[in-house]
Amino acid sequence: MKFDSVVLGGGIVGVSVALQLQRRGLSVALVDRRAPGNETSHGNGGLIQREGVYPYAFPRDLATLLRYAGNRSTDVRYHPGAMPHLLPFLYRYWHHSRADRHAAIARAYATLIEHCVIEHRALIEAAGAQALLRTNGWMKVFRSARAMDATVAEAQRWRREYGVGHEALDAQALRAAEPALGHALVGGVRYTDSDSVSDPNGLVTAYAKLFERLGGRVLMGDAATLEPSWRVMTQDGPVTAQSAVIAMGPWSGDLTARLGYDLPLAVKRGYHMHYAALNGAKLSQPVLDAEVGFLITPMARGIRLTTGVELGFRDTAKTPVQLEAVEPLARGIFPLGERVDAEPWLGRRPCTPDMKPVIGPAPKHDGLWFAFGHAHHGLTLGPVTGRLIAEMMTGAPTVVDPRPFRADRF
Ligand SMILES: Cc1cc2nc3c(=O)[nH]c(=O)nc-3n(C[C@H](O)[C@H](O)[C@H](O)COP(=O)(O)OP(=O)(O)OC[C@H]3O[C@@H](n4cnc5c(N)ncnc54)[C@H](O)[C@@H]3O)c2cc1C
C-alpha cells in the first residue's frame, strides 16, 4: 500500500494531522495499534481550553514546593522510586517555569491556543459531531475567598494580555448557574470563551470516521516497525509513504529514541472515574475544584472525575491514591452516587520541560515529522497542531509561527 503520508498514532493529535493532510490533497494512512482515540485522548477532562494561554508551570514558591515534597497533597503526588530518573527533567521544567521565562513561553503558546476553539468547531461541524459539543465554558470553584481573589486577578491579567474572557460568580450566582453544587463554595470563575465535549473518545472517533469517509485509511499496526523513508507494517500488510508523522503521544519517545533522537520527554499521570449523579443532580459544565485539585465534568458515561498530576514512570502499575483522596471531597461539592467503572482509568500526559509541544520536521531525517508533547492541552491543541504541521509539510503559509515548537530547540 502506497500513500503520500503515514501518520503514526490515532489520538486526537494524529487523527487531526491525518485529516488536515487529507484536506490538502494528500493520500494518508493512519496507523495505530488500537482503534483511534482509545488512549490518552479517551480519558481526559474534555476541555477545549481557550483560556489556557499559560501552560501549567512547575511551582517556584517554597511553600508549595514543601507541600508537594511531603507527598500527601491531593493535586500532585510522586513515586519516590522514580524521582532519581525524573530529576533532570523536573529541573529543566522548574527552570523554564521562572516567571519571565514562563511569560515568554506563553507568548508563543498563546498563538496556538488562540485557534483551538475555531479549529475544533470546524472539524466538529464537518464530522457532524455537534451533539458532543458544549459552548458554555468551564469553571473553577473555590472554598476560600483568598484563592478565588487570586484566580480572579489572574483571569483579569489573561484578559489584559490575551483578551481571554471570564466572569466571576459570587456564591449566589454560582448556585444559580449550578444549583447542585455544595453550599460551602464561596464562588467561581467561569472561562467564557472555552468549549468542552461530553465524550472525548466519541469526538476522536467522529474525526476518524470523517477521515475514512473522505478516503483515508485507518490501519492497525505497530509503529515500532517503522523503517526510514518510510515503511511500516500493518495487519493489512506493509505501508510505504513519502513522509511519516510521529503522533504517538506519551509513546512518541520510544520511536524517536530508536531513530537517534534524545528528546527530554516525560509523563504526568492522571486518573479518572465515572459516577452516577444522586437524585437526578445535574452539572451543565466542567467544574474544577481549584484548591483540592480535581475536575468533575458531565460526560456521556456519567459524571467523570479526573485527578491532578502523578509523577512516576509511564508504565508502572496504577496507584490511584489521589482518586481515593479526592473522592470524599468531591462528594462534598456535588452529590456523586455509585462508581460506574470497574476500575480507575490511568492516562499519561505527554510532557516536555518547556511546556510547549514538539511540532515540526525531524532534524535528522527527510520526510519525518513530529507532533507530540501536548501535556495538559492535547485535546485542546490537536486540530491546530494538525493544521500547522500539514501546512508545513505542504509548504503552505502557516497559521502560526512554527519556530517555537521545532524539535531542534532541545
Ligand atoms: C486525567 C487527564 C485529564 C486531561 N484533561 C484534558 C483536558 O480537559 N483538555 C485537554 O486539552 N487535554 C487534557 N488532557 C491531556 C490530553 O488528554 C492529552 O494531551 C492528549 O490526549 C494527547 O493526545 P495524543 O494524540 O498526543 O496522544 P494519545 O491520545 O495517547 O494517542 C497516541 C496514540 O498512539 C498510539 N500508539 C502508541 N504506541 C503505538 C505503537 N507502537 N504503534 C501504533 N500506535 C501506537 C496509541 O494507541 C494512541 O492511540 C488530560 C490528560 C489526562 C491524563
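Our subject is the structure that appears above.
Criteria and cut-off values
- Residues numbered from 1 in each chain as written.
- Predicted model: local features only at pLDDT ≥ 70, side-chain atom pairs only at ≥ 80, totals over all residues.
- Heavy atoms only, no water.
- Buried < 20%, exposed > 50% of the residue type's maximum accessible area, 1.4 Å probe, protein only.
- Helix = DSSP H or I, 4+ residues; strand = E, 2+ residues; numbered from the N terminus.
- Pairing = 2+ DSSP bridges.
- Salt bridge = Lys/Arg side-chain N within 4 Å of Asp/Glu carboxyl O.
- 1 Å grid on protein atoms, 1.4 Å probe; cavity = no way out; pocket = protein on both sides within 12 Å on 5 of 7 lines; lining within 4 Å.
- Points joined across faces, edges and corners; volume = space filled by probe spheres on them.
- Nonpolar A, V, L, I, M, F, W, Y, C, P; charged D, E, K, R; others polar.
- Near = heavy atom within 4 Å.
- Polar contact = N/O pair within 3.5 Å; in protein donor to acceptor, adjacent residues only side chain to side chain.
- Areas by Shrake-Rupley, 256 points an atom, 1.4 Å probe, with all protein chains shown as cover.
- Axes fitted to C-alpha atoms, helices over the stretch in contact; angles between N-to-C directions.
- Left-handed = near helix turned anticlockwise from the far one by under 90°.
- Contact = heavy atoms within 4.5 Å.
- Phe/Tyr/Trp six-rings, centres within 6.5 Å; stacked < 30°, edge-to-face > 60°.
- Lys NZ or Arg CZ within 6 Å of the ring centre and 35° of its normal.

A. Expanded view of the pairing of strand E16 (residues 302-307). Burial within E16 is extensive, with 6 of its 6 residues counted as buried. In the sheet, strand E13 (residues 266-277) pairs with E16 via 4 bridges, with the strands oriented antiparallel. Bridge pairing links Met273 to Leu305 in E16. Inspection of the sheet shows strand E15 (residues 294-299) paired to E16 by 6 bridges, in the antiparallel sense. Paired with Thr297 across the strands is Arg304, a residue of E16. Between E15 and E16, which pair antiparallel and follow one another directly, the connecting turn spans 2 residues.

B. Structural context of the sheet that holds strand E5 (residues 133-134). The sheet built from 3 strands is open, its strands ordered E3-E9-E5 with antiparallel pairing. Strands at the two margins of the open sheet, each flanked by one partner only, are strand E3 (47-48) and E5.

C. The pattern of salt bridges, seen in detail. With the rule as written, the count across this model stands at 23 salt bridges. Where salt bridges share partners, they join Arg24, Glu119, Arg387 and Glu391 into one cluster.

D. Representation of empty space enclosed by the protein within the structure. Taken as a whole and judged by the stated rule, the model has 2 cavities of 30 Å³ or more. Space inside the largest cavity adds up to approximately 90 Å³. Along the walls of the largest cavity sit 13 residues, with Tyr56, Lys268, Met355, Ala375 and His376 positioned nearest its centre. Residue composition of the lining of the largest cavity, grouped by class: 8 nonpolar, 4 polar and 1 charged. The computed volume of the second largest cavity comes to approximately 40 Å³. For the second largest cavity, the full set of lining residues is Leu86, Phe89, Leu90, Ala266, Val267, Lys268, Leu311 and Cys351. Taken together, the elements giving at least two residues each to the lining of the second largest cavity come down to helix H4 (83-96) and E13. Taken together, the residues of the lining of the second largest cavity break down into 7 nonpolar, no polar and 1 charged.

E. How the structure looks around the site of the ligand. Taken together, 31 residues are adjacent to the ligand, and Asp32, Thr40, Ser41, Ala223 and Thr380 come closest. Val13 places a main-chain nitrogen or oxygen 3.1 Å from an oxygen atom of the ligand. In this structure, Gly45 approaches the ligand through a main-chain N or O atom, which is 2.9 Å from a nitrogen atom. In isolation the ligand has 1,000 Å² of accessible area, and contact with the protein removes 97% of it. Elements that contribute at least two residues to the shell around the ligand include exactly helix H1 (12-23), helix H2 (40-43), strand E19 (345-351) and helix H12 (378-393). Considered class by class, the residues forming the shell around the ligand number 11 nonpolar, 15 polar and 5 charged.

F. Representation of the packing of H1 against H12 in the model. Their axes nearest at 7 Å, the elements H1 and H12 cross at an angle of 35°. The hand of the H1/H12 crossing is right-handed. Contacts from Ile12, Val13, Ser16, Val17, Gln20 and Leu21 of H1 reach H12 at Gly378, Leu379, Gly382, Pro383, Thr385, Gly386, Arg387, Ile389, Ala390 and Met393. Among the residues forming the contact of H1 with H12, the class breakdown is 9 nonpolar, 6 polar and 1 charged.

G. Quick peek at the layout of surface pockets. Size it by volume and the second largest pocket reaches roughly 510 Å³. As for the second largest pocket, its lining consists of 27 residues, and the residues nearest its centre are His85, Leu263, Leu265, Ala266 and Val267. Those elements giving two or more residues to the lining of the second largest pocket turn out to be H4, helix H10 (252-258), E13 and E19. Residues that form the lining of the second largest pocket fall into these classes: 16 nonpolar, 7 polar and 4 charged.

H. How the structure looks around the packing of aromatic side chains. Summed over the entire model, instances satisfying the criterion amount to 9 aromatic pairs. Their ring planes at 40° and their centres at 5.1 Å tell us that Trp138 and Tyr191 sit as a pair that is tilted. Linking Trp138 in strand E6 (residues 138-142) with Tyr191 in strand E8 (residues 187-191), this pair joins segments that are 53 residues apart in sequence. Tyr191 matches Trp138 in its accessibility class, with the two residues each being buried. Cluster of aromatic residues (ring-pair linked, three or more members): Tyr54, Trp138, Trp158, Tyr162 and Tyr191. Of note, Arg33 hangs over the ring of Trp251, and the distance from its end group to the ring centre comes to 4.9 Å. A cation sits over an aromatic face here: Arg60 above Trp94, 3.9 Å from the ring centre.

I. Local environment of the environment of Tyr261. Along the chain, the position of Tyr261 falls in the loop between H10 and E13. Through-space distance from the C-alpha of Tyr261 to that of Ala300 is 40 Å; in sequence the pair is 39 residues apart. Ignoring any residue separated from it by four or fewer positions in sequence, one finds Tyr261 in contact with Thr256, Ala362, Pro363, Lys364, His365, Leu368 and Phe370. Among the polar contacts made by the side chain of Tyr261, one reaches the main-chain amide nitrogen of Lys364 at a distance of 2.8 Å. In this structure the side chain of Tyr261 is engaged in a polar contact, spanning 2.7 Å, whose partner is the side chain of His365.

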